[in-house]
Amino acid sequence: MKRVALIGYSGHAFVVADTLLSLGINLLGYFEQKKKESNPFNLPYIGQEEDEKNLEILKEKDTFFFACVGNNRIRSKIIKTMLGSGFQTLVAAHPGSFISEFSSVGEGTLAAPGCRVNALANVGRGVILNTGSIVEHECIIKDFAHIAPGAVLAGNVLIGESSFVGANAVIKEGITIGKNVTIGAGSVIIKDIPDNEMWVGNPGKKLDKNEK
Ligand SMILES: CC(C)(COP(=O)(O)OP(=O)(O)OC[C@H]1O[C@@H](n2cnc3c(N)ncnc32)[C@H](O)[C@@H]1OP(=O)(O)O)[C@@H](O)C(=O)NCCC(=O)NCCS
């Protein structure tokens with residue numbers, strides 16, 4: 001039986017815990033900076049993942065970590081460090097999600113309930129495909145991106161590394177979104193977006209707070 005220790009134990013981690021439990025995976029506990037007061041899944045506190053002695057638990061056979069942090073930058077750092085130290089993570093695809101057998105999904109990625117990944121899509125490592133999001137045919141999602149609940153990527157969309165697509169946003173087919181981009185909730189993106197920009201609205205426009 002597979003065993004998983006969670007890294008991070010708040011909001012987003014609860015969706016991951018639910019997903020892993022519904023796959024019949026045994027949850028070993030959680031790593032956090034401090035023991036949490038709220039413990040809805042009654043998980044043991046392991047300690048900080050920076051402390052090497054706490055990582056012993058991950059050296060057993062069939063044992064994995066899962067980074068449960070919504071922030072793309074922090075999740076990326078955790079996953080890179082842990083993989084670099086030889087630990088393993090896995091794909092957490094809720095039984096209520098759909099992932100086409102003609103698509104690929106990288107390790108450390110969550111497919112939350114109701115999300116759909118259609119044929120020939122390619123989803124990287126450490127990605128969050130949140131509740132009910134739709135990744136249409138031939139989309140490419142680079143590592144550590146987050147597709148928030150209800151967002152729709154029409155066919156052939158490219159989402160760059162560590163970018164965030166807000167809840168219920170729609171990205172028109174064939175659009176390319178750069179790295180570290182933020183797209184606001186409910187936005188409709190009909191133009192390509194370069195790296196590091198924030199876009200909102202319908203039709204989506206660049207939000208430049210410094211110009212205000
Ligand atoms: C885009 C976003 C990140 C901007 O947050 P922010 O930097 O705090 O920006 P502010 O709230 O200060 O808003 C700045 C301006 O953008 C506008 N704006 C913000 N979000 C917007 C959105 N989603 N659609 C349209 N306009 C938006 C605001 O009205 C404001 O305009 P104004 O200056 O003319 O009044 C945020 O509003 C957002 O949409 N986050 C996504 C939420 C989400 O999907 N969560 C899911 C989590 S799983």
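In what follows, the accompanying structure is described. (Residues numbered from 1 in each chain as written. Predicted model: local features only at pLDDT ≥ 70, side-chain atom pairs only at ≥ 80, totals over all residues. Heavy atoms only, no water.)

## A short note on the nonpolar core
In this structure, Ile141 and Leu153 are the most contacted members of the largest nonpolar core, which totals 26 residues. Setting aside residues no more than four positions away along its own chain, Leu153 makes contact with Ile134, Val135, Glu136, Cys139, Ile141, Ile147, Ile159, Val165 and Ile171. (Core = buried A, V, L, I, M, F, W, Y, C linked by side-chain atoms within 4.5 Å. Buried < 20%, exposed > 50% of the residue type's maximum accessible area, 1.4 Å probe, protein only. Contact = heavy atoms within 4.5 Å.)

## Overview of helix H2 (residues 72–84)
Across its 13 residues, H2 extends 18 Å between first and last C-alpha, which sits within 8% of the 18 Å expected from 1.5 Å per residue. When we look at burial in H2, the residues that qualify are Asn72, Arg75, Ser76, Ile78, Ile79, Met82 and Leu83. What you see down the axis of H2 is that its buried residues fit within an arc of 165°, all on one side. Opposite its buried face, H2 presents the exposed residues Arg73, Lys77 and Gly84, each directed more than 90 degrees away. For H2, the secondary structure elements touched by its buried residues are strand E1 (3–7), strand E4 (63–67), strand E11 (128–129), strand E14 (146–147) and strand E17 (164–165). Gly86 sits one or two residues past H2 and shows a positive phi near 90°. (Helix = DSSP H or I, 4+ residues; strand = E, 2+ residues; numbered from the N terminus. Expected span 1.5 Å × (residues − 1). Arc of directions from axis to C-beta.)

## A word on the sheet that holds E1
Spatially, four strands are ordered E3-E2-E1-E4 in an open sheet, and the strand pairing comes out parallel. Each edge of the open sheet is held by one strand with a lone partner, namely strand E3 (45–47) and E4. Each strand axis lies, on average, 35° off the axis of its neighbour in the sheet, ignoring direction. Across two bridges, strand E2 (residues 26–31) lies against E3 in parallel orientation. Opposite Tyr30, over in E3, you have Tyr45 as the bridge partner. Together, E1, E2 and E4 form the strand contacts of helix H1 (residues 11–22), whose direction differs from that of E1 by roughly 175°. (Pairing = 2+ DSSP bridges. Axes fitted to C-alpha atoms, helices over the stretch in contact; angles between N-to-C directions.)

## A short note on the pairing of E1
Of all the five residues making up E1, four are buried; the element is thus mostly covered by neighbouring parts of the structure. Across five bridges, the pairing between E1 and E4 is parallel. Looking at the pairing, Arg3 lines up with Thr63 of E4. On the question of chirality, the crossover connecting E1 to the parallel E2 by way of H1 is right-handed. (Right-handed = clockwise from strand over helix to strand, strands pointing away.)

## Quick word on unusual backbone geometry
With the exception of glycine, the majority of residues adopt a negative phi angle, and the majority of peptide bonds are in the trans configuration. Residue Pro203 follows Asn202 across a cis peptide bond; omega there is -5°. Considering the arrangement of structural elements, one finds Pro203 in the loop between strand E22 (198–200) and strand E23 (205–206). Positive phi, close to 65°, is recorded for Ser162, a residue that is not glycine. By relative accessible area, Ser162 is classed as buried at 12%. For Asn180, which is not glycine, the phi dihedral falls at a positive 55°. With respect to the helices and strands, the residue Asn180 is situated in the loop between strand E19 (176–177) and strand E20 (182–183).

## Some remarks on the packing of aromatic side chains
With the rule as written, the count across this model stands at four aromatic pairs. Judged by centre distance (6.1 Å) and plane angle (35°), the rings of Phe14 and Phe41 are tilted. Linking Phe14 in helix H1 with Phe41 in the loop between E2 and E3, this pair joins segments that are 27 residues apart in sequence. The class of Phe41 is partly exposed, set by a relative accessible area of 27%. Site record: aromatic cluster; members linked through ring pairs are Tyr9, Phe14, Tyr30, Phe41 and Tyr45. (Phe/Tyr/Trp six-rings, centres within 6.5 Å; stacked < 30°, edge-to-face > 60°.)

Nothing here speaks to function; it is all geometry.
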